[in-house]
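Next come the chains, spelled out residue by residue.
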Amino acid sequence: MEQWYSINKKEDIDYLMQEFGGFHDACLVGSTWSSGVYVDEQGSMCFGSAEDRRLHVVFHSQWMKDKALELCFSGVRRHCLGGWQERYGYEMFDCYLKIHTDLQVGRDDPLIVWADGQGFSPLNILDRSLLAEPMWSYIIADKLQWRFIEK
């Protein structure tokens with residue numbers, strides 16, 4: 001269960017979606033963020049590389065009783081994990097997962113975009129009020145790997 005799979009093309013996304021039921025009846029149960037920045041023994045600020053900016057996210061699904069899904073995003077550009085919302089639970093019915101080359105002005109670097117609903121658009125996320133409900137959880141990163149882990 002410890003094998004990591006990389007997302008490099010649409011077929012990789014299709015395989016993940018197939019293996020995890022398209023994130024239907026799933027929930028985000030936890031995350032771990034690492035910025036790659038630290039202060040060394042001499043008191044100098046060390047900034048690390050883009051690759052060091054990692055976000056691990058764990059999901060459970062009602063369809064998988066003995067295992068969970070772990071996503072590892074590296075080169076994280078931006079992330080927002082929605083918190084408590086007044087009239088909404090956190091069950092997922094689907095997700096948005098695509099490789100974009102249109103998010104940086106004057107560049108076409110491929111970026112992975114994950115969000116907790118198919119209706120998400122990374123091109124207009126800032127058009128909404130910050131606390132508008134329902135809130136989107138989303139992650140934009142250079143790379144994505146995934147694996148199944150024991151619950």
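Criteria and thresholds
- Residues numbered from 1 in each chain as written.
- Predicted model: local features only at pLDDT ≥ 70, side-chain atom pairs only at ≥ 80, totals over all residues.
- Heavy atoms only, no water.
- Helix = DSSP H or I, 4+ residues; strand = E, 2+ residues; numbered from the N terminus.
- Polar contact = N/O pair within 3.5 Å; in protein donor to acceptor, adjacent residues only side chain to side chain.
- Contact = heavy atoms within 4.5 Å.
- Phe/Tyr/Trp six-rings, centres within 6.5 Å; stacked < 30°, edge-to-face > 60°.
- Buried < 20%, exposed > 50% of the residue type's maximum accessible area, 1.4 Å probe, protein only.
- Lys NZ or Arg CZ within 6 Å of the ring centre and 35° of its normal.

1. Comments concerning the side chain of S61
Take S61: it is sitting in strand β5 (residues 54-61). At 3.1 Å, the side chain of S61 and the backbone nitrogen of W63 are in polar contact. Once residues within four sequence positions are removed from consideration, S61 is found in contact with F20, H24, D25, A26 and K151.

2. Overview of the packing of aromatic side chains
Note on aromatic pairs: each is described by the distance of the centres and the angle between the planes. Inspection of every chain in the model, using the stated rule, returns 12 aromatic pairs. Here the aromatic rings of F20 and F23 are separated by 5.1 Å at their centres, their planes lie at 75°, and the arrangement is edge-to-face. Residue class for F23 comes out buried when judged on its relative accessible area of 0%. Relative to F148, the ring of W146 has its centre 5.5 Å away and its plane inclined at 85°; by these criteria the two rings are edge-to-face. For W146, a relative accessible area of 1% corresponds to the buried category. When its relative accessible area of 9% is taken as the criterion, F148 is described as buried. Among the aromatic residues, those joined into a ring-pair cluster are Y5, Y15, F20, F23, F59, W114, W146 and F148. Directly above the aromatic system of F148 lies the positively charged group of K67, at a separation of 4.4 Å from the ring centroid.

3. A closer look at the environment of F23
You can see F23 is positioned in the loop between α1 (10-19) and β2 (26-34). C-alpha separation for the pair F23 and F59, spaced 36 residues apart in sequence, amounts to 8.7 Å. Residue contacts for F23: discarding those within four places in its chain leaves M17, F59, L69, L71, M92, F93, D94, C95 and W114.

4. What to know about the environment of C27
Relative to the assigned elements, C27 resides in strand β2. Classification of C27 as partly exposed rests on a relative accessible area of 27%. When the C-alpha atoms of C27 and F73 are compared, they prove to be 17 Å apart, with 46 residues separating the residues in sequence. Excluding residues within four positions of it along the chain, C27 makes contact with V58, F59, H60 and Y90.

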